[in-house]
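# Topology and contacts: notes
What follows is the residue order along each chain.
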Amino acid sequence: MTLCLGLESTAHTFSAGVVDDSGNILSVVNDTYVPQEGGLHPLKTSLHHVECFQDVIRKALETAKTPLESIELISFSQGPGLGPCLRVGCTVARALHVFLDVPVVGVNHCVAHIEIGRLACKVEDPLTLYVSGGNTIVSAFDCGRYQIFGETLDIALGNMLDTFAREAGLQHPGGPKIEALARQSSNYIDLPYTVKGMDLALTGLLTSATHALKTHPLADVAFSMQETAFSMVAEVTERALAHTEKQNVLLTGGVAANTRLRDMIRSISEDHGAAFHAVPKELAGDNGAMIAWTGLLQFKQKGGLALEDTGVIPKWRLDQVPIPWRT
Ligand code: ATP
Ligand code: FE2
C-alpha cells in the first residue's frame, strides 16, 4: 500500500490530505484565508499559507495516524492558480521530497476536482460540471483527455457570487451567504441570461445584479442571480449531455455545495435518463485529499517528477493534461 500526502495551495486554502492507493481518505485538514475586506490578494494569501502549512500538515498526519516517515509519495497542486500561493505548496513539496527521499508529483487542480468526484461518487465515466471560484467547465473524458464542451467566456460562477456578495457588503466567500439569502425569496427580477453556443458569460449578470441592489431587496437579487446563472450552466450541461449521451452526471468544485444548483442539475440529468452525482460537501472545495488521490493515479502511470520539472504552472487548462490512467 502506498500512502500519499497531498498539498493544496492554489488559492484561498492551504490543505493537506493523506490518501492510500485503494482510495481511502485517511485525513483532510484545511486552513482557509478570509480577507478582512476585498477579494483575495495573492501575496497576502500566500503569507497565510506560509504561516499555517506546518500546523496543517502535522494535523493531517496526526488524524491519519501516520508518521511523516510512512509517507511514500508527495503530491502538490502544480496549477492553475495564484502564482505566490502555488509556490508555497510547491516549495513545501520539494522540501519533503528531498528530506524524505520519496517521489514527488505535481497535479492539475482541475483534474483533481474531477478525480475526487469520480472516487467519492464511485462513478466511472461521467459528464462533469466543475464550478468553483476560478472555473466553470463542462467536460467529459474523450481521446485521452478531459475535453471541454463548454465553459465561461469571462468570470467563473463562484467568482461572480463572491464579487456580488462583496458589493453587497458580505464577507468572502460569498457563495454560501448568497445561497442562504436566496432561500428567503421567490421574487424573480429579470436579469441578463447569456449563453453563447456551448459557452456562457457572467459579467453582464454580475453588473446588472449589482445595480439591482439599489432598487430591490438583497434576498430578491440573490435569488434571481442564482436562478439565472444556474439556469445558464444547466442549459450548457444539458446540451453536452444530449450530445455525449453519458449515463452519469457529476457536479464538482466549490459551488457544488449549493443545494439549489444540485437540484437543477439533478433535474436535467433525470430528464435525459442519466444518474446524478454530487461530490460530498466536505470534498467539494479545495482540499489536499483530491491532490493526494490524483497524485497516486498519476504516479502509477508516469512515475515522479524530476526536481527541475516541479515548477508551478499558474495557467494550465484542464484539456492540456493527458490522463493516462483512463482508457
Ligand atoms: P478553483 O477550483 O477554480 O481553483 P477555488 O480555488 O476558488 O477554485 P473551490 O474551493 O473549489 O476553490 O471553490 C470556492 C468557491 O465555491 C467560492 O467561490 C465559494 O463562494 C463557492 N461556494 C462554496 N460554497 C458554496 C455554496 N454553498 N453555494 C455557492 N457557492 C459556494
Ligand atoms: Fe478549486
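Parameters at a glance
- Residues numbered from 1 in each chain as written.
- Chains lettered and ligands numbered in written order.
- Predicted model: local features only at pLDDT ≥ 70, side-chain atom pairs only at ≥ 80, totals over all residues.
- Heavy atoms only, no water.
- Pairing = 2+ DSSP bridges.
- Helix = DSSP H or I, 4+ residues; strand = E, 2+ residues; numbered from the N terminus.
- Near = heavy atom within 4 Å.
- Polar contact = N/O pair within 3.5 Å; in protein donor to acceptor, adjacent residues only side chain to side chain.
- Areas by Shrake-Rupley, 256 points an atom, 1.4 Å probe, with all protein chains shown as cover.
- Domains from an automatic or database assignment.
- Donors = N, O, S within 2.8 Å, 3.2 Å for Na, K, Ca; no water.
- Buried < 20%, exposed > 50% of the residue type's maximum accessible area, 1.4 Å probe, protein only.
- Contact = heavy atoms within 4.5 Å.
- Buried area = accessible area lost by both parts, 1.4 Å probe.
- Expected span 1.5 Å × (residues − 1).
- Arc of directions from axis to C-beta.

## Here's the deal with the pairing of strand β3 (residues 25-32)
Pairing geometry for strand β2 (residues 13-20) and β3, over seven bridges, is antiparallel. Bridging from a neighbouring strand, Val-18 pairs with Ser-27 of β3.

## Comments concerning the site of ligand 1
Not every one of the 23 residues close to ligand 1 is listed here, only the nearest: Tyr-130, Ser-132, Asp-162, Glu-179 and Asp-286. For ligand 1, an oxygen atom lies 3.1 Å from a polar atom in the side chain of His-12. Taken by itself ligand 1 offers 650 Å² of open surface, and the protein chains cover 90% of this. Elements with a contribution of two residues or more to the shell around ligand 1: α3 (109-120), α4 (157-167) and α5 (175-182). Looking at the shell around ligand 1, you find at least three residues from each of domain 1 (3-113 + 285-320) and domain 2 (124-283).

## Some points on the coordination of the iron ion (ligand 2)
The protein atoms donating to the iron ion (ligand 2) are His-109 (NE2), His-113 (NE2) and Asp-286 (OD), with metal-donor distances spanning 2.0 to 2.2 Å. For the iron ion (ligand 2), the single-chain donor residues occur in sequence as H-x3-H-x172-D. Of this pair, His-109 and His-113 both sit in helix α3, four residues apart, which is roughly one turn of that helix. Residues His-109 and His-113 agree in their burial class; the two are buried.

## A short note on the domain arrangement of the protein chain
When the domains of the protein chain are assigned, the result is domain 1 (3-113 + 285-320) and domain 2 (124-283). Once you take the C-alpha centre of each, domain 1 and domain 2 turn out to be 26 Å apart. Domain 1 puts 19 residues into the contact, and the matching count from domain 2 is 17 residues. Summed over both sides, the interface between domain 1 and domain 2 buries roughly 1500 Å², with carbon and sulfur atoms accounting for 58% of that surface.

## Points about helix α8 (residues 259-271)
The first and last C-alpha atoms of α8 sit 18 Å apart over 13 residues, in line with the 18 Å expected at 1.5 Å per residue. Of all the positions in α8, only Leu-261, Arg-262, Met-264, Ile-265, Ile-268 and Ser-269 are classed as buried. The arc that holds every buried residue of α8, seen down its axis, measures 165°, which confines them to one face. Seen from the buried face of α8, the exposed residues on the opposite side, beyond 90 degrees, are Glu-270 and Asp-271. Buried positions along α8 lie against β6 (127-131), α4, α7 (218-244), β11 (248-252), β12 (275-278) and α9 (281-284). Positive phi shows up at Gly-273, right after α8, with a value of about 70°.

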